[in-house]
Amino acid sequence: MSELTPKERVMRLLRKEPIDTMPFFSGMGMVVMPGIEKSGYKFATVHTDAERMAWSAIWSARLMGFDCVVIPYDMTMESEAMGNTISLYEDSEDILYPTIPEKIWSEMDEVVIPDNIEQLGRLPIIPKAIEIIKKEAPELAIGCWQLGPFTQAGQILELDLILKGVFKQKAKVEALLDKLTDMITKLGQQWQAAGCDYMVLREPGVAADLLSPRTFKDIIKPRLTRILAGWQSPKLLHICGQTDPLIEMMNECGSDGLTVDIKCNLAEARKKLGNDVLLMGNVDTYTMTCDPETPMETTVAHIKEIIDNGVDAVMPGCDLWPAIIEANMKAAVDTTHEYGKKASPAVGRLELTKV
């Protein structure tokens, strides 16, 4: 068998089928400035147009050697579609992601999610961008993501209100999370129907350094499980921050694989999960790919250590910051492809024939 395309590599891995080498892909933002500049756009404009989003994603992947593209790029699309005004910083030359300067609701029971939310704000961009990518870059896997309900709640209300509510207004918190769970499930289903190759559920606001494992078990886990049950495979679950006490509960939520960031002890996670679970992570996305003080050799060693600690795919621990150091970013990808030719715990390797 000859070398796989990036998409074939990712999709076979997600089915735990043998591959030629380890992919470098993500379930979070992978747009980088070289790709945006190659496309001829300003950073602020790639969030508001399907064509610009698609081509900035495609060129980011092609220039860096990524095995996938990932859209969308920012976390404010759903909040905007619910009625919150966002700041796009369109006059700025800096890398500034959209933000929500003021939120229209101050209480949890005020939140209303429109039945046609997928038609509002910038959300219609995503299916259009998927269509463009599938046509123009069929060799690349397309990943899409949705924030989990707890983190999404912090995009529509003040986060302190939600954190305090866990202890003082638990019923209201759970009612809000249920509304958001339904919305997240629906949007993920629609993006899968539009042709994205895999969905990722991102719940960075529930790590063990933010919420207790008991709260995760009682309030968060049931809703993550509902969302994942409503999505088709392949589907991944990502949680940032400290996940060592959560990793086994994460594995019970129904995803096809888990992705973690730099606070997770990969070797220990692999021991807890065993060798049959897809485990992906956990590139330090600032120090190793953006910090000009980091030698390329340090990045290479970092990637090798991640692979040696038992991942099935090298994956950034969070969104890539767009202002990457190109040499280090390419070294991370190249090392993954070269050092990852040996089988990983859950995924074997193909015997390749030269063509």
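Remember, predicted model here, so these are calculated numbers, not experimental data. (Residues numbered from 1 in each chain as written. Predicted model: local features only at pLDDT ≥ 70, side-chain atom pairs only at ≥ 80, totals over all residues. Heavy atoms only, no water.)

**Observations concerning the overall build of the chain**
Step number 1: Helices and strands together make up the secondary structure of the chain, namely 13 helices and 7 strands.
Step number 2: For 355 residues, the compact-globule estimate of 2.2 N^0.38 gives 20 Å, and the chain sits close to it at 19 Å.
Step number 3: Along the first, second and third principal axes, the C-alpha atoms of the chain reach 60 × 45 × 40 Å.
Step number 4: Burial analysis of the chain (355 residues in total) assigns 58% to the buried set. (Helix = DSSP H or I, 4+ residues; strand = E, 2+ residues; numbered from the N terminus. Rg over C-alpha atoms; globule rule 2.2 N^0.38 Å. Buried < 20%, exposed > 50% of the residue type's maximum accessible area, 1.4 Å probe, protein only.)

**What about the side chain of Ser255?**
Step number 1: Relative to the helices and strands, Ser255 resides in the loop between helix H10 (247-250) and strand E5 (257-260).
Step number 2: On the accessibility criterion, Ser255 (15% relative accessible area) is buried.
Step number 3: In terms of polar contacts, Ser255 uses its side chain to reach the backbone carbonyl oxygen of Gly257, at 2.9 Å.
Step number 4: Discounting residues that sit within four places of it in the chain, Ser255 has contacts with Leu228, Lys235, Leu236 and Leu237. (Polar contact = N/O pair within 3.5 Å; in protein donor to acceptor, adjacent residues only side chain to side chain. Contact = heavy atoms within 4.5 Å.)

**A few points about helix H7 (residues 159-168)**
Step number 1: All of the buried residues in H7 are Ile162, Gly165 and Val166. Considered in projection along H7, the buried side chains sweep an arc of 110° and stay on one side of the axis. Opposite the buried face of H7, at more than 90 degrees from it, the exposed residues are Asp160, Lys164, Phe167 and Lys168.
Step number 2: Of the surrounding elements, those touching the buried residues of H7 are helix H6 (149-156), helix H8 (170-194) and helix H9 (213-230). (Arc of directions from axis to C-beta.)

**Some details on the sheet that holds strand E6 (residues 279-283)**
Step number 1: Here we have 7 strands laid out as an open sheet, ordered E1-E2-E3-E4-E5-E6-E7, and parallel in their pairing. With one partner strand each, in any of the chains shown, strand E1 (68-71) and strand E7 (313-316) form the two edges of the open sheet. Across the sheet, the mean angle from the axis of one strand to that of its neighbour is 30°, orientation sign disregarded.
Step number 2: Here E5 runs beside E6; their pairing, made up of 2 bridges, is parallel. When the bridges of E6 are listed, Thr259 appears paired with Met280.
Step number 3: Along the sheet, helix H11 (residues 266-273) contacts E5 and E6; its crossing angle with E6, the most-contacted strand, is approximately 170°. (Pairing = 2+ DSSP bridges. Axes fitted to C-alpha atoms, helices over the stretch in contact; angles between N-to-C directions.)

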